[in-house]
Each structure stands twice: as structure tokens, then as C-alpha cells.
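Next come the chains, spelled out residue by residue.
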Amino acid sequence: RESFPYRRGFRASNREELRSALRASMDAVLGPKEQELCFRVGRIHLGGFTPVEGILERNGIFRRRLESLEAKLTDLDATAARDFRKGVWPEERNALYSFVVGQAYVSSLIEVGIRPGIITGDGEGVWIALVTAGMAAPEDALMVLSGAMLPDQIQLSRPVFGFYDPVGRQVLPPYKFY
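Residues numbered from 1 in each chain as written. Predicted model: local features only at pLDDT ≥ 70, side-chain atom pairs only at ≥ 80, totals over all residues. Heavy atoms only, no water.

> Would you mind showing me how to read the nonpolar core here?
For soluble globular proteins, the rule of thumb is that nonpolar side chains tend to be buried together. Ranked by size, the top nonpolar core spans 38 residues in total, and within it Leu 66, Leu 73, Phe 84, Phe 99, Val 100 and Trp 127 carry the most contacts. Element by element, the count of residues in this core is highest for helix α6 (residues 94-111), at 8 residues. Those residues in contact with Val 100 that lie beyond four places of it in its chain are Leu 66, Leu 69, Glu 70, Leu 73, Phe 84 and Leu 142. (Core = buried A, V, L, I, M, F, W, Y, C linked by side-chain atoms within 4.5 Å. Buried < 20%, exposed > 50% of the residue type's maximum accessible area, 1.4 Å probe, protein only. Helix = DSSP H or I, 4+ residues; strand = E, 2+ residues; numbered from the N terminus. Contact = heavy atoms within 4.5 Å.)

> Quick question: what am I supposed to make of helix α7 (residues 125-132) here?
Since the α-helix packs 3.6 residues into each turn, any two residues three or four apart lie on the same face. Among the 8 residues that make up α7, 7 are buried, leaving the element largely enclosed by the rest of the structure. All of the buried residues in α7 are Gly 125, Trp 127, Ile 128, Ala 129, Leu 130, Val 131 and Thr 132. Structurally, α7 contributes buried residues whose contacts are with β1 (38-41), α6, β2 (118-121), α8 (138-146) and β3 (162-165). A positive backbone phi angle near 80° is found at Gly 134, which sits one or two residues after α7.

> Explanation requested: the packing of helix α3 (residues 50-58) against helix α4 (residues 60-76) in the structure shown.
Packed helices, taken two at a time, are described by their axes: the angle between them and the distance between them. At a minimum axis separation of 6 Å, α3 and α4 run at an interaxial angle of 120°. The angle between α3 and α4 places the two elements in the oblique class. Both α3 and α4 take part in a crossing whose hand is left-handed. From α3, Val 52, Ile 55, Leu 56, Glu 57 and Arg 58 reach across to α4, where they touch Gly 60, Phe 62, Arg 63 and Leu 66. When the residues that make up the contact of α3 with α4 are grouped by side-chain class, the tally is 5 nonpolar, 1 polar and 3 charged. (Axes fitted to C-alpha atoms, helices over the stretch in contact; angles between N-to-C directions. Parallel < 35°, antiparallel > 145°, perpendicular 65-115°, else oblique. Left-handed = near helix turned anticlockwise from the far one by under 90°. Nonpolar A, V, L, I, M, F, W, Y, C, P; charged D, E, K, R; others polar.)

> How do you make sense of the confidence of the model for the protein when you look at a structure like this?
Caution applies to low-pLDDT parts of the model: their predicted coordinates are not meant to be read in detail. Overall, the predicted model of the protein reaches an average pLDDT of 86, with 88% of residues at or above 70. Ranking the helices and strands of the protein by mean pLDDT puts α7 first, with 95, and helix α2 (residues 26-30) last, with 55. (pLDDT = per-residue confidence, 0-100.)

> Looking at this structure, how should I read the environment of Arg 115?
Position of Arg 115 relative to the elements: it lies in the loop between α6 and β2. Sequence-wise, Arg 115 and Phe 161 are 46 residues apart; in three dimensions their C-alpha atoms are separated by 8.4 Å. Those residues in contact with Arg 115, other than ones at most four positions away along the chain, are Leu 37, Ile 110 and Phe 161.

> Help me understand unusual backbone geometry in this model?
Backbone phi values are negative for most residues with the exception of glycine, while trans is the configuration of most peptide bonds. One non-glycine residue with positive phi stands out, namely Arg 169, at about 55°. A residue is classified by how much of its surface remains accessible, and Arg 169, at 67% relative accessible area, is exposed.

> Explain the sheet that holds β1 to me, please; I cannot follow it from the model alone.
Two modes of strand pairing occur in sheets, parallel and antiparallel, and in both the strands are linked by backbone hydrogen bonds. Read from one edge to the other, the open sheet built from 4 strands follows the order β1-β2-β3-β4, with strand pairing classed as mixed. Among the strands making up the open sheet, the edge pair consists of β1 and β4 (170-172). Neighbour-to-neighbour, the strand axes of the sheet open up by a mean angle of 25°, direction not taken into account. Here β2 pairs with β3 via 2 bridges, running parallel. Residue pairing for β3: Ile 119 is matched across the bridge by Phe 163. Its contacts with the sheet put α7 on β1, β2 and β3, and the angle it makes with β2 is roughly 150°. (Pairing = 2+ DSSP bridges.)

Shown next as C-alpha cells:
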């Protein structure tokens, strides 16, 4: 019982009906299982704003998301935001600025309907995954990446998408109501 996520019942009038029912594929009963997308956000090292400009010109959703995060960055630290649109970023700000771009990009994908079943991250990509999963606020990630807050000061929430914790090696599922 614990090995199967479902139970199936049927009524058979004779042995032949029983045999054919047992041979029937469970896919016919349950329907095809949809594969969930898994987003894995790796280490992002853009190095400057130049690669972003082409996407910014062609994609209004991305532009709106980027400008929103840039405004949050400016509210947090106007000095930190000053170099964001430069062609080459200072090395000490690369993780912070790459987060802004990566978060704008991933949230744009979700806005157009590409929704992951599970999201995870590697390196600085963990911050994008945490924010996308709804576990951390964008402002908190900006503060950690700018050095204004320690990671252990963040209050994490339950994810809205499944989140694979690369450290604990477990999936933290979202709440689901049926």
C-alpha cells in the first residue's frame, strides 16, 4: 500500500475480464502524467550591463521586472545602484547586479506562463531560486548580496513552487489545496 500513490478498483464478471483489467495500463485510468518543469538557476556572472541591453529593448515584461528590481536596489542603496547600467560592473557588485538581472529574467518567464514544479539554485543562483519560490523577499536577497544583512537574518516562508534544497538534499513542497 505505501509503495503506490493510488488504488484502483473494478468489478469483473469472469476470469477473462479480470485478466484484461489487470493487464490494462494504469495510464488509461490515471491519464498521462504531466512532467513538471524543474528550473535550476546556476552561477550567473554577467560582468556588465551590455549583454542585457538587447533583451531589454525587445522584451517589455523583462524591462518592467528589471526596472522594478532596480528601483528596490536604489531604495536599498543608491550608491550600489549607481553602477548597475554600466557596461562593465565592479567585481564586488557582480553577484548583486547579476541577481537583479537573473531575477527579472526568471520572473518574466513565470509571468508568461512557464511555471516550474520545482526550482533550485547553485551558487548565487540560490538567491534567485529562493525569491522565485516565494521563500525570500527580493529586498532580503538584495540586502544579503549587498552585504547589508547576514543570510541567517532572513525569515523564510513556505514555497509557492517546490524548492529543492541543495544543502539538505530534499524538496520542500508548497502548500496545495484540492
